[in-house]
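Results of the structural survey
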Amino acid sequence: MENLSTKKYMNFKEIAAYSLGLFGFQAIVGLLNSYQAEFDASILGADIAVVGILILVAKIVSAVADPVVGNLVDKSKSKLGKFKSMIIYSIIPLLIMSAVVFIDVPFKSNSMATYVWIFVTYLIWSIAMTMGDVPSQGIAAALTPNPTERTNVVSISNTFKQVGFSACVVIVPIVCLIIPNGSKVFVKKGETDVPMIASEYFWVAVLTAVLGCVLFALIPLINKERVVTQSNEKVTAKDMVMALKDNKPFMLVIVSYFLGFGRQMAMGIQVQAANVLLGSQNLVAVLGIVTAVGSMISMAICPLLIKKLDEKKAYILLSVYGFAASIFSFVIGHFWFQSPQNMVLTILFYASLFLIGLQFGAVTLMPMIMTADCVDYYEYKTGKRMEGAAYSILTLTIKVCLALGTALGLVFVQVSGYGNTLADITAGVSGAAFTTKTKDIVFFAYTAMPGILALLSIVPMIKYDIVGEKKNEITKALAEKRG
């Protein structure tokens, strides 16, 4: 057992390739998550709350692709590797559809046609994303048979993944500076923010898609699949449900993720929050970077927490902390909105956003580690290894929760009066400004609501038991079986 937990299988080049690949992939996902709703509302003239609902429905409809992709991965006998071959197939569709979503269509005056276009293009993009998401997540369980090394690799790669998810906040201002007659990147006191123009959205999408797909291609080009089994049996949706039912620890992970879906709300409304709280959507980088730094630190210390405690206790600790930090941030924000010139409150406001970021190892890293452990548990219990099925369920859960969080967040934004006030500000109406009430509602959706749901997600984790001696026993038994 000691030799198994100390032997290193992956070199620096492989770890870097996997990390940069996830960075590139998540840069594309983060762009659509942060900017699609704002593009649809400001350029295509769609109702922002309706867009949130369309995104949610498209995610649910596209869920049929997850078990299909999981099946293809599990049955694949490609010489490239069962995960790597599917990643390669996903790159071209993902590249094309990421740009198509941000096309300024000529029929936008027809609201019904616009909503159909938004739904269909996002649905196709979601399917293309699934083709890359399932294998890129699932390959984590096949990169190394060493669970300790796997935890460290997942920690490093998910740090890059989190940074990639926020990369759009840096790419957008760069494109705004390049495009002629573009929007203002920084808004001086007394000036009205100039919304992004259609060409800026499109070229941001093109630049992000090209860069993201090039980096994503590094995974199949450089990484090796070391823990691989093929299955000739077709796994149906019913089989996946049964596998989930028979894998109680994995079911607990999935239920916990669903209960904590609100942690995805902040990213879904980050652009709108920047508009309301800071006065410009181009200052979204300020919100994103402050929280992302805390998130990176969280994922860096997660392996240490796991080693000191275990996966279960680390998850519970981070979730309780996330609740406390989110409530604290909301309270500070409430008072800061009333006295924005108060330097102490200003410092506390940004510090609280950093503190919120320290919880995100629980939602971005821990489910990946736990799912890999649950795959081992299922093989130990049944003799079958179903990475494709397990990770298709996990990625489906992540996508639906992201869409749920975005939809709920956009409903809060709509209820706050954001759309009407933004229209008045853009039109130059005298005295138009976001009220303290609007700021409170948006910031509640950005901080407090995610914290409350993070606390709720602890309930299933109380019974999770693939930790300590039981995890070591499973790892040892599988190592002996594989020789």
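Bear in mind the structure is a predicted one, so any value in this text is a computation, not a measurement. Residue positions within a chain follow its written sequence, with the count starting from 1. For this predicted model, a pLDDT threshold of at least 70 governs which residues receive local features, and a threshold of 80 or more governs which side-chain atom pairs are given and counted, while totals over whole chains, interfaces and linings are taken from all residues. To get the side-chain values, take all heavy atoms of the structure and skip hydrogens and water.

A short note on the overall build of the protein
A tally of regular secondary structure across the protein gives 24 helices and 0 strands. All radius of gyration figures rest on C-alpha atoms, and the globule criterion is 2.2 Å times the number of residues raised to 0.38. Its C-alpha atoms give the protein a radius of gyration of 22 Å, near enough to 23 Å, the size a compact globule of 483 residues would have. Dimensions of the protein, computed from C-alpha atoms along their principal axes, come out at roughly 75 × 50 × 40 Å. Think of it in three bands: residues with accessible area under 20% of the maximum for their type are buried, residues over 50% are exposed, and the middle band is partly exposed, with areas taken using a 1.4 Å probe on protein chains only. Across the 483 residues of the protein, 59% fall into the buried class. We call two residues in contact whenever any of their non-hydrogen atoms come within 4.5 Å of each other. Taking contacts inside the protein between residues at least 6 apart in sequence as the whole, the part at least 24 apart equals 84%. For the protein, the distance from the average position of its 38 positive side-chain charges to the average position of its 29 negative side-chain charges is 4 Å. Here a helix means four or more residues in a row that DSSP labels H or I, a strand means two or more in a row labelled E, and each is numbered from the N terminus. The charge count includes Lys and Arg as positive and Asp and Glu as negative, but it does not include His or the ends of the chains. Here the site of a charge means atom NZ of a Lys, CZ of an Arg, CG of an Asp or CD of a Glu.

Points about the confidence of the model for the protein
With 91% of its residues at a pLDDT of 70 or more, the protein shows a mean pLDDT of 84. Confidence scores here are pLDDT values: one per residue, from the predictor, ranging 0 to 100. When mean pLDDT is compared element by element in the protein, helix H23 (residues 458–461) scores highest at 94, while helix H1 (residues 2–6) scores lowest at 57. In this model, residues 186–190 is a region of pLDDT below 50 whose contacts with residues beyond four sequence positions or in other chains number 4 contacts.

A look at helix H7 (residues 147–165)
Residue count minus one, scaled by 1.5 Å, sets the expected span of a helix. Here H7 contains 19 residues, and its C-alpha end-to-end distance of 26 Å stays within 8% of the 27 Å for a straight helix at 1.5 Å per residue. Most of H7 sits inside the fold, with 14 of its 19 residues counted as buried.

A short note on the packing of aromatic side chains
Stacked, edge-to-face and tilted labels apply to pairs of Phe, Tyr and Trp rings (six-membered ring for Trp) whose centres lie within 6.5 Å, assigned for plane angles under 30 degrees, over 60, and everything in between, in that order. Going through the model one piece at a time under the given rule, you end up with 19 aromatic pairs. With a centroid separation of 5.5 Å and an interplanar angle of 80 degrees, the aromatic rings of Phe330 and Phe444 are classed as edge-to-face. With Phe330 in helix H16 (residues 311–338) and Phe444 in helix H22 (residues 436–456), this residue pair connects regions lying 114 residues apart in the sequence. Through a chain of ring-to-ring contacts, the aromatic side chains of Trp336, Phe337, Phe349, Tyr350, Phe443 and Tyr446 assemble into a single cluster.

A closer look at the nonpolar core
A general feature of soluble globular proteins is that nonpolar side chains tend to end up buried together. The term nonpolar core refers to a set of buried residues drawn from Ala, Val, Leu, Ile, Met, Phe, Trp, Tyr and Cys, joined through side-chain atoms within 4.5 Å. Core analysis: the largest hydrophobic core is formed by 139 residues, its most contacted members being Tyr18, Tyr35, Phe102, Trp125 and Tyr464. With 13 residues, helix H2 (residues 12–42) is the largest single contributor of residues to this core. Sequence-distant contacts of Tyr18, that is, excluding residues within four places in its chain, are made with Ser136, Gln137, Ile139, Ala140, Leu143, Val153, Ser157, Ile219, Asn223 and Met368.

A few points about the side chain of Ser19
For Ser19, the position within the fold is in helix H2. Among the residues examined, Ser19 registers a relative accessible area of 2% and is labelled buried. Non-local contacts of Ser19, meaning those with residues more than four positions away in its chain, are made with Ile156, Ser157 and Phe160.

Observations regarding a nonpolar patch on the surface
Only residues whose relative accessible area exceeds 30% and that take part in no salt bridge are eligible for patches, with like-charged residues grouped when within 9 Å of each other and nonpolar side chains (Val, Leu, Ile, Met, Phe, Trp, Tyr) grouped when within 5 Å. Note on areas: Shrake-Rupley, 1.4 Å probe, and residue coverage restricted to the protein chains presented here. One side-chain nitrogen of Lys or Arg within 4 Å of one carboxyl oxygen of Asp or Glu is enough to make a salt bridge. A contiguous nonpolar surface patch, about 820 Å² in accessible area, is contributed by Val170, Ile174, Leu177, Ile178, Ile289, Val293, Ile297, Ile301 and Leu304. Every element with two or more residues in the nonpolar patch is listed here: helix H8 (168–178) and helix H15 (284–308). With respect to the element layout, Ile178 can be found in helix H8.

A short note on the packing of H2 against helix H9 (residues 198–216)
One can describe the packing of H2 onto H9 by two numbers: an axis separation of 7 Å at closest approach and a directional angle of 160 degrees. Taken together, the axes of H2 and H9 are roughly antiparallel relative to one another. The element H2 and its partner H9 pack so that their crossing is left-handed. Of the residues in H9, those in contact with Leu20, Gly21, Phe23, Gly24, Phe25, Ala27, Ile28, Leu31, Tyr35, Glu38, Phe39 and Ser42 of H2 are Tyr201, Val204, Ala205, Thr208, Ala209, Gly212, Cys213, Leu215 and Phe216. In terms of residue class, the contact of H2 with H9 is made up of 15 nonpolar, 5 polar and 1 charged. Every axis in this analysis is a line fitted to C-alpha atoms, fitted for helices over the stretch in contact. Angles between the N-to-C directions lie between 0 and 180 degrees. The scheme is simple: roughly parallel for angles under 35 degrees, roughly antiparallel for over 145, roughly perpendicular for 65 to 115, oblique for anything else. Definitions for this section: a left-handed crossing has its near helix turned counterclockwise from the far helix by less than a right angle. A right-handed crossing has that turn clockwise. Only Asp, Glu, Lys and Arg are considered charged, only Ala, Val, Leu, Ile, Met, Phe, Trp, Tyr, Cys and Pro nonpolar, and every remaining residue, Gly among them, polar.

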